[in-house]
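Architecture at a glance
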Amino acid sequence: MTPKRRYIVAAVGAAMTLGLGTQAIAAPADSPRSFASYEDAVPGVAPIGAEATAVYLDSSGQEIAMEEAAKETSGTSALAGCTPYSGRDNPHYSGGDVSGHGWWKKGTCTENRAVVYNCLYEWYTDNSWRRKACSEKETLKPYTGSGQRTVARAKCDNRAQTSWRNHVDVDVIGQGDTAERPYRQAEVDCRVY
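Residues numbered from 1 in each chain as written. Predicted model: local features only at pLDDT ≥ 70, side-chain atom pairs only at ≥ 80, totals over all residues. Heavy atoms only, no water.

Structural notes on the overall build of the protein
What counts is decided by this rule: Each helix is a run of DSSP H or I of at least 4 residues and each strand a run of E of at least 2, with the numbering of both proceeding from the N terminus. Using a 1.4 Å probe on the protein chains alone, a residue whose accessible area is under 20% of its type maximum counts as buried, one over 50% counts as exposed, and one in between counts as partly exposed. Areas reported as accessible are Shrake-Rupley estimates using a 1.4 Å probe. Residue values count occlusion only from the protein chains shown.
Regarding its fold elements, the protein presents two helices and 15 strands. Relative to its full complement of 193 residues, the protein shows a buried share of 46%. Of the roughly 10100 Å² of accessible surface on the protein, a fraction of 50% belongs to carbon and sulfur atoms.

Written out as structure tokens, the structure reads:
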């Protein structure tokens, strides 16, 4: 089933309060929460527990398996590999955009160059993280505190608070490395539709 046709249901650890007219009814803590359909979803602040149940969608609405995507784009095998430090900052507001940076440091790697890029994902009320922008893939030296970073930016449609994630991917040139795509998450006063 595609995300466009399904409703995603997730268990939420805390009790929810559902507003019905002037009455409020507390739902039990183990009650499932229904999320909006793909078509009706809007950006918002991710609820507690979304990190365990949300799906990732590309710009066309197709689900991305983050672990598989990381392995497919890493370009090398991590069999005899190293573990670079994959640097990323919190998504943040900057001059009318939501912005995030990516960089790398050697970690246990010995090579001096890596291909790095980062992508920004916005949380939607269908319990998805939707990709809104990616940086160019750049060949970088290890980060020393200035320069040597990638940047992903998306123009804000309004300044409503929204949850964002900044994922970074590092592929060390000439050396196998791990394929994870770590992220930083933050609420930013920027909503992109």
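A look at unusual backbone geometry
Phi angles above zero are rare outside glycine, and Asn127 is one such case at about 65°. The residue Asn127 is located in the loop between β10 (114-124) and β11 (128-134) in this model. Of note, Gln148 is a non-glycine position whose phi angle comes to about 50°, a positive value. For Gln148, the location among the structural elements is in the loop between β12 (138-140) and β13 (150-155). For Gln148, a relative accessible area of 30% gives the class partly exposed.

Here we look at the confidence of the model for the protein
Going by this rule: What pLDDT conveys is the predictor's confidence in a given residue, as a value from 0 to 100. The contact rule is simple, with two residues in contact once any of their heavy atoms fall within 4.5 Å.
Of the residues in the protein, 76% have a pLDDT of 70 or more, and the chain-wide mean is 80. Note that residues 1-32 has pLDDT below 50 and, in this model, 48 contacts with residues that lie over four places away or in other chains. Overall, residues 68-78 carries pLDDT values under 50, and its contacts beyond four positions in sequence, including any with other chains, amount to 21 contacts.

Let's talk about the environment of Asp171
With respect to the helices and strands, the residue Asp171 is situated in strand β14 (residues 158-172). The class of Asp171 is buried, set by a relative accessible area of 15%.

Describing the state of the cysteines
How we decide: Here, a disulfide means two cysteine sulfur atoms that sit within 2.5 Å of each other.
Enumeration over the complete set of coordinates arrives at three disulfides. The disulfide partner of Cys82 is Cys109, and the S-S distance across this bridge is 2.0 Å. Since a negative S-S torsion denotes a left-handed disulfide, the Cys82-Cys109 link at about 85° is right-handed. Of this pair, Cys82 sits in the loop between α2 (66-74) and β7 (85-88) while Cys109 sits in the loop between β9 (97-105) and β10, and the two are 27 residues apart along the sequence. Looking at Cys82, the relative accessible area reads 3%, which means it is buried.

A closer look at the pairing of β9
Note on strand geometry: in a regular strand, side chains alternate between the two faces of the sheet. The criterion, for reference: One requirement defines pairing of two strands: DSSP has to find at least two bridges between them.
Across the nine residues that make up β9, a large majority, eight, are buried. Of the strand pairs in this sheet, β7 and β9 are connected by four bridges, and their pairing is antiparallel. In the sheet register, Ser86 faces β9, and the bridge partner there is Trp104. When strand β8 (residues 92-94) meets β9, the two strands line up antiparallel, connected through three bridges. Residue His92 lies in a different strand from β9, and its bridge partner there is Ser99. The loop that links β8 with its antiparallel partner β9 comprises two residues; one of these, Gly95, has a positive phi angle of about 55°. Bridge count for β9 against β13 is six bridges, and the pairing is antiparallel. Directly across from Gly102, in β13, lies its bridge partner Thr150.

Some thoughts on the packing of aromatic side chains
In plain terms, the rule: Whether two aromatic rings pair depends on their centres lying within 6.5 Å, for rings of Phe, Tyr and Trp, where Trp uses its six-membered ring; planes under 30 degrees apart make the pair stacked, over 60 edge-to-face, and the rest tilted. Consider the ring centre and the ring normal. A charge sits over the ring if Lys NZ or Arg CZ is within 6 Å of that centre and within 35 degrees of that normal.
All chains considered together, the criterion is met by three aromatic pairs. Aromatic pair Phe35 and Trp123: ring centres 6.3 Å apart, planes at 75°, arrangement edge-to-face. Highlighted residues: Phe35 in the loop between β4 (32-34) and α1 (50-53) and Trp123 in strand β10, separated in sequence by 88 residues. Side by side, Phe35 and Trp123 carry an identical accessibility label, which is buried. Directly above the aromatic system of Tyr124 lies the positively charged group of Arg130, at a separation of 3.9 Å from the ring centroid. Lying over the aromatic face of Tyr93, Arg159 brings its terminal NZ or CZ to 3.5 Å of the ring centre.

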